[in-house]
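Single-letter residue listing:
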Protein chains: 2
Amino acid sequence: MKKSSYHMTTEQFRTEGKKVIDWIADYYENIDKYPVLSQAKPGEIKAALPENPPQTGESMEVMMCDLDEKIMPGITHWQSPNFYAFFPSNTSFPSILGDLISSGLGVQGMIWATSPAATELETRVLDWLADMMGMPEKFKSTSTGGGVLQDTASTSALTAMIAARERATNFQSNKTGIQQKLVAYISTQTHSSLEKAAKICGIGSENLRMIVVDEKFAMRTDLLKEQIQKDKAAGLTPFFICAALGTTSSNAVDPVRKIGEIARKENCWFHIDAAMSGTAMVCPEFRHFQDGVELADSYCFNPHKWMFTNFDCDVFWVGNREELINTFSILPEYLRNQATESGQVFDYRDWHVQLGRRFRSLKLWFVIRHYGVEGLQFHIRNHVKLAQNFTQWINESDDFELFVEPPFNLVCFRHKAGDDFNMKLMNAVNATGKAYFTHTKLNGQVVLRMSIGQTNTEENHVRDTWDLIREIAREIS
Amino acid sequence: MKKSSYHMTTEQFRTEGKKVIDWIADYYENIDKYPVLSQAKPGEIKAALPENPPQTGESMEVMMCDLDEKIMPGITHWQSPNFYAFFPSNTSFPSILGDLISSGLGVQGMIWATSPAATELETRVLDWLADMMGMPEKFKSTSTGGGVLQDTASTSALTAMIAARERATNFQSNKTGIQQKLVAYISTQTHSSLEKAAKICGIGSENLRMIVVDEKFAMRTDLLKEQIQKDKAAGLTPFFICAALGTTSSNAVDPVRKIGEIARKENCWFHIDAAMSGTAMVCPEFRHFQDGVELADSYCFNPHKWMFTNFDCDVFWVGNREELINTFSILPEYLRNQATESGQVFDYRDWHVQLGRRFRSLKLWFVIRHYGVEGLQFHIRNHVKLAQNFTQWINESDDFELFVEPPFNLVCFRHKAGDDFNMKLMNAVNATGKAYFTHTKLNGQVVLRMSIGQTNTEENHVRDTWDLIREIAREIS
């Protein structure tokens, strides 16, 4: 018999949806039972999945069973409280529910008219955040700037660099292509996304200067000044400087005010990449780290890293939205509408690379409202305190040494037995499945990174992991 | 009393999550009661939201109440069966559940090691889709190419253009910046994202040639050839051609084989943008529209438009993955790992602009498995049939005329009373809240677009909307 519809009915959705909610709750209750780092071998997961798609539909029961048996062994558990790798990409239950509503509504907020609430809630929430984090007034929609949600800090860096390129060329390179010799500045410790951005936007990685850092891995502004003068003397045009508020390797904080002053003097766009550590600005006691932030043209941080909001969610603020809109605006006939032409609304498609956009602000709104400013501060301070405890244990240990004083929640340390030993130690700890952390290189040496920011990480987790690291170090010594 | 945690417990999540599932089911059962196009005025939604964030946390009950009262009036209902605007951005219950699991797991699949299943399921599902849609073997991971999920077709177009730029410059422009005079080709009807891409990647919109179209709004290849010869004679380097399989204004199909042959001969990268209409390739009877697809270097289409998979989900295939990886690869120390160094795995961060990535393939896997090939074909064919019915009604009408024969599910038509009347008619229909459709301009004339692709659109919806359009046309005549 021919079916008249293959859709899942609302009744089935009620039943199956509730099972999925329970599946997720069960997952979090039992997350300790999974190895944090997936132990799957290359090709293993793919081989467990059929080579051909199903001709006829399958039941949710079969799909959920495959999820448990075929997919879960290939999951690295970013939401495990024992995940200390890279930077966190954490989530929380209010965020998951906000995102679920976004999926359910399925609105595509490319322009104001395609869902006014998607635009206006985003504007409101990013104004809230600007206040919550002590940001300059110009970053607010009520002033000359405003915020927009991007997918990642990589995209924000690219967006900033392109807007900078346009400002530096009187908005001509969008038309003629790049004709000037433009030069951008970062430090040797700045995130790789800045190099990727320089490539993508046609500037080229050879025109990205990587300024040497000081003993705390922060950009040396004396060398920045020197390099700018050298480039200008060679007939090049400096146009963009990025400061990191918390580098990826070691969480180093570049001197924001000094770099900002240089950027002002040299007519460079000043972008601040605070992808992970920006969240700490919710606590006033950390804001001294970004003294001078009012000199920035743009700023980004990721609630999807440390603010309990699930991926993807990057906040990007600018001080002058007109420059951003002049850079990215395109208005084909099929998107013309009365609201846009009235000039009374924001059309966020003109604030970034993509056209289409998901209703991302819902999840952030849910997070801020569930926790309140107070709850966010509480958990951020708790993570920083756990990092301080870990630092103290390192300092008290005979076998380990702290590599650099942590400003926030990332502890860089190493065993005194050398690079090979540290790599072996890390791989052995990760192979237990009880914890997962990663390494970097600083001054040519292997350094282990203990990044403490997962939503559910508490003191016992950090303490157990420290015991595990020491135990394994003794075993392999 | 000081709280020891502000997190929502798993028990609360079970309760609140199930309420949200019911809220979504209720929404779909009652979606007819909302005006399809939000009737909110600029600033109205924002004004209803408090100016300051909450200091202490709030309950889900209060938040859900605000969702109903303050957010819903600002929603344009993309999931209404009476949504005929732009192109669909549809979803389905299996997709919502797949996406919910992705939010719950919260994995960040930037590289293979950070969740092998996120990479390998994506590879498998995109190989499935290549087979389901009759794509050339080279687009499969088992051959020289492969697929990767991007957020939008805009990003895919940008990705293709950058890879093309690198191939044309022997992968030098990534390093030195753009030094050649590169020229790209699209038609006057190609989506605006291609112009945006030319700006972003430093080529410049003046170096993007918009080739005039024929009476069916498809690119004229005689003029394409002519323009290429002219540009070469002027010392410019043609490097990129994009064909549209279904333009945004009128769903016109560019001559794929002819353009592909020109691209081959002129050493240009050949990208096919099938954002909406690509989904039709699931049905073999439509594949003649992309005869010559094996000549393409890259191809994109959006399951988030017409394949019942919620935003964002764009499939991007390339025939030669090495070129893509050589263009986007960056490997800082903190992302080094054994699996990457073994060369046995894909690290998808090297296939696109962003670094971080959500586990997007889960929702697509759920959709394909729930519907099966058969179910997808059934609903696609149904939408096309509804468009054919609508076309017939237009043809039988005295007052309306068909503007161009629809190849798939978009009907372009107009009332015979002229441009102003058509705009007035469209705005009046949209103001009823009973249906929402949009316009474009073709040959300088206002044309109304009836885009039939929302998941739940059935014959009665299209019939009622046609009655409504005629009724309002009579009223305002």
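Residue positions are given per chain, counting from 1 as you read along its sequence in written order. Here every chain gets a letter starting at A, and every ligand a number starting at 1, in the order they are written. In view of the model being predicted, local features appear only for residues whose pLDDT reaches at least 70, and side-chain atom pairs are presented and counted only at 80 or more, with totals across whole chains, interfaces and linings using the full set of residues. Side-chain numbers here rest on the full set of heavy atoms in the structure, without hydrogens or water.

Colleague: Kindly report on the overall build of chain A, identifying the contributing residues and their values.
Modeller: Secondary structure elements are taken from DSSP: a helix is a run of H or I of four residues or more, a strand is a run of E of two residues or more, and numbering for both begins at the N terminus. Check the secondary structure of chain A and you find 16 helices and eleven strands. Within these notes, the globule rule equals 2.2 Å times the number of residues to the 0.38 power, and the radius of gyration is based on C-alpha atoms. Taken over the C-alpha trace, chain A has a radius of gyration of 24 Å; the compact-globule value for 477 residues is 23 Å, and the two agree within 12%. Projected onto its principal axes, the C-alpha positions of chain A cover 70 × 60 × 45 Å. Only protein chains enter the accessibility calculation, which uses a 1.4 Å probe; a residue is then buried when its area is under 20% of its type maximum, exposed when over 50%, and partly exposed in between. Split into buried and exposed, the 477 residues of chain A put 70% on the buried side. Contacts in chain A between residues at least 24 apart in sequence constitute 74% of all its contacts with a sequence separation of at least 6. For chain A, the exposed area adds up to about 15300 Å²; of that, 47% sits on carbon and sulfur atoms. For this count, His and the chain ends are skipped, Lys and Arg are scored as positive, and Asp and Glu as negative. Positions of charges follow a simple convention, taking NZ of Lys, CZ of Arg, CG of Asp or CD of Glu. Positive and negative side-chain charges of chain A, numbering 49 and 58 respectively, have mean locations separated by a distance of 4 Å. Contacts between residues were defined by any pair of non-hydrogen atoms, one from each residue, lying within 4.5 Å. Computed by Shrake-Rupley with a 1.4 Å probe, the accessible areas treat only the displayed protein chains as cover when residues are assessed.

Colleague: Outline the packing of helix 6 (residues 153–168) of chain A against helix 12 (residues 321–328) of chain A, listing residues and values.
Modeller: Residues and elements named next belong to chain A. All axes are obtained by fitting lines to C-alpha atoms, using only the stretch in contact for helices, and the reported angles, taken between N-to-C directions, cover 0 to 180 degrees. For the pair helix 6 and helix 12, interaxial distance at closest approach is 9 Å and the crossing angle is 90°. If you check the angle between helix 6 and helix 12, you find them roughly perpendicular. When helix 6 is examined against helix 12, the residues Thr159, Ile162, Ala163, Glu166 and Arg167 are found in contact with a partner set consisting of Glu323, Leu324, Thr327 and Phe328. By residue class, the composition of the contact of helix 6 with helix 12 is four nonpolar, two polar and three charged. Angles are sorted into four bins: roughly parallel if under 35 degrees, roughly antiparallel if over 145, roughly perpendicular if 65 to 115, and oblique for all others. Three classes are used, and their members are as follows: Ala, Val, Leu, Ile, Met, Phe, Trp, Tyr, Cys and Pro are nonpolar, Asp, Glu, Lys and Arg are charged, and the others, Gly among them, are polar.

Colleague: A description of the pairing of strand 6 (residues 298–301) of chain A should follow, citing residues and the corresponding values.
Modeller: All names here are of chain A. Side chains Ser298 and Cys300 of strand 6 all project onto a buried face; the interleaved residues Tyr299 and Phe301 project onto the opposite face, where all are buried too. At least two DSSP bridges between two strands are needed for those strands to be called paired. In terms of strand pairing, strand 5 (residues 269–273) meets strand 6 through three bridges, oriented parallel. Looking at strand 6, one finds that Ile272 is bridged to Tyr299. Sheet topology note: the strand 6/strand 7 (residues 314–318) ladder contains four bridges and is antiparallel. Residue pairing for strand 7: Phe301 is matched across the bridge by Val315.

Colleague: Describe the side chain of Ser115 of chain A, listing the residues and the values that go with them.
Modeller: The residue Ser115 of chain A is located in the loop between helix 4 (93–105) and helix 5 (116–132) in this model. With residues near it in sequence (within four places) discarded, Ser115 of chain A still touches Val107 of chain A together with Gly74, Ile75 and Thr76 of chain B.

Colleague: So what's going on with the sheet that holds strand 5 (residues 269–273) of chain B? Residues and values would help.
Modeller: All names here are of chain B. Spatial ordering of the open sheet is given by 1-7-6-5-4-2-3, a layout of seven strands whose pairing is mixed. Looking along the sheet, the strands with just one partner apiece sit at the ends: strand 1 (146–150) and strand 3 (208–211). Here the average twist between neighbouring strands, direction ignored, is 20°. Alignment of strand 1 against strand 7 (residues 314–318), held across five bridges, turns out to be antiparallel. When the bridges of strand 7 are listed, Leu149 appears paired with Val315.

Colleague: I'd like to hear about helix 3 (residues 60–71) of chain A, residue by residue, with values.
Modeller: Along helix 3 of chain A, the residues that are buried comprise Met60, Met63, Met64, Asp66, Leu67 and Ile71 of chain A. Around the axis of helix 3 of chain A, the buried residues are gathered within 155° of arc, so they sit on the same side. Exposed residues lying more than 90 degrees from the buried face of helix 3 of chain A are Glu61 and Glu69 of chain A. Those residues of helix 3 of chain A that are buried are in contact with helix 1 (10–29) of chain A together with helix 4 (93–105), helix 5 (116–132) and helix 14 (361–396) of chain B. As used here, the arc belongs to the directions running from the helix axis to the C-beta atoms.

Colleague: I'd like to hear about the relation of the copies chain B and chain A, residue by residue, with values.
Modeller: Residues reaching a pLDDT of at least 70 in both copies supply the C-alpha atoms on which the copies are superposed by least squares. Each copy of the sequence occupies a distinct position, and chain B is placed on chain A by a rotation of 180° and an axial shift of 0.0 Å, giving an RMSD of 0.0 Å. Between the two chains, the operation in question is that of a two-fold axis. Most of the interface of chain B is mirrored in chain A, where 100% of its interface residues again form contacts.

Colleague: How would you explain the domain arrangement of chain A if you had to name every residue and give the values?
Modeller: Residue and element names in this part refer to chain A. All domain edges in this entry derive from an automatic or database-based domain assignment. Split by domain assignment, chain A resolves into domain 1 (107–358) and domain 2 (367–476). Here domain 1 and domain 2 have C-alpha centroids that lie 30 Å from each other. With 27 residues of domain 1 in contact, the opposing surface of domain 2 contributes 27 residues. A 1.4 Å probe defines the accessible area here, and the buried area is the portion of it lost by two parts on being joined, summed over both. Broken down residue by residue, the surface that domain 1 buries against domain 2 is led by Phe217, Trp306 and Phe308, which jointly contribute 31%. Think of a salt bridge as a Lys or Arg side-chain nitrogen and an Asp or Glu carboxyl oxygen that are within 4 Å of each other. Across the domain 1-domain 2 interface, the total number found is one salt bridge. Here Arg381 makes a salt bridge to Glu285, at a shortest N to O gap of 2.6 Å. What qualifies as a polar contact is a pair of N or O atoms within 3.5 Å, subject to a donor-acceptor requirement within protein and to the restriction that residues adjacent in sequence count only when both atoms come from side chains. Summed over the shared surface of domain 1 and domain 2, the number is six residue pairs in polar contact (both at pLDDT 80 or more). The greatest single-element share of the side of domain 1 that touches domain 2, amounting to four residues, is contributed by helix 5.

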